[in-house]
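Chains, contacts and geometry: an overview
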Amino acid sequence: MFVLLLVLIVVLFGFGFLNPIWWVVAAALVYAATRHGRDRGGGWSRSGSSDLGDYRDYRERRDRRERWDRRYGRQNRARWRREDRRDREHRR
């Protein structure tokens, strides 16, 4: 789909040398395609900057992982210590 859209834009740009109205049509098509891609989330971040969107995704994953570690880390550490003590006692 993207290739066909790109070919159409190039053809319309070429026709612009015959009649400048085709340049306007090509520009409108480019504008519509980029707006449509942003609205549907087609690889564009909501902020318009891909790097900023990637950083936000990273930060959300990092925060989620930290919350998980805080929530389950303390509880599990105590349980693991108890299990380790039991294992050491059974080995004796």
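These numbers come from a predicted model, not from an experiment.

This part is about the pattern of salt bridges. Going through the model one piece at a time under the given rule, you end up with two salt bridges. Notably, a salt bridge pairs Arg-62 with Asp-63, separated by 3.5 Å at the nearest N-O pair. Note on Arg-62: relative accessible area 30%, which makes it partly exposed. For Asp-63, a relative accessible area of 27% gives the class partly exposed. For the salt bridge of Arg-65 with Asp-69, the shortest nitrogen-to-oxygen distance reads 3.5 Å. On the criterion of helical spacing, the pair formed by Arg-65 and Asp-69 is a turn pair, its members being four residues apart in helix α3 (residues 50-91).

Evaluation of the coordinates by the stated rule reveals five aromatic pairs. Pairing Phe-17 with Trp-23 gives two aromatic rings, centres 5.3 Å apart and planes at 80°, and the pair type is edge-to-face. Judged by its relative accessible area of 62%, Phe-17 falls in the exposed class. Using a relative accessible area of 33% as the deciding quantity, one classes Trp-23 as partly exposed. On the numbers, 6.1 Å between centres and 40° between planes, the contact of Tyr-55 with Tyr-58 is tilted. Within this pair, Tyr-55 and its partner Tyr-58 are both found in helix α3, separated by three residues, close to a single helical turn. Using a relative accessible area of 40% as the deciding quantity, one classes Tyr-55 as partly exposed. Feature note: the residues Phe-13, Phe-17 and Trp-23 constitute an aromatic cluster, connected by ring pairs.

Parameters and conventions
In this numbering scheme, every chain counts its residues from 1 along its sequence in written order. Whole-chain, interface and lining totals are the exception, using all residues; otherwise, since this is a predicted model, local features are given only for residues with pLDDT of at least 70 and side-chain atom pairs are given and counted only at 80 or more. For side-chain calculations, the full set of non-hydrogen atoms in the structure is used, while hydrogens and water are omitted. For this document, the term salt bridge refers to a Lys or Arg side-chain nitrogen within 4 Å of an Asp or Glu carboxyl oxygen. Only protein chains enter the accessibility calculation, which uses a 1.4 Å probe. A residue is then buried if its area is under 20% of the maximum for its type, exposed if over 50%, and partly exposed in between. Here a strand is any run of E in DSSP of at least two residues, a helix any run of H or I of at least four, and the numbering for each starts at the N terminus. Here a Phe, Tyr or Trp ring, Trp counted by its six-membered ring, pairs with any other such ring whose centre lies within 6.5 Å, and the pair is stacked when the planes are under 30 degrees apart, edge-to-face when over 60, and tilted otherwise.

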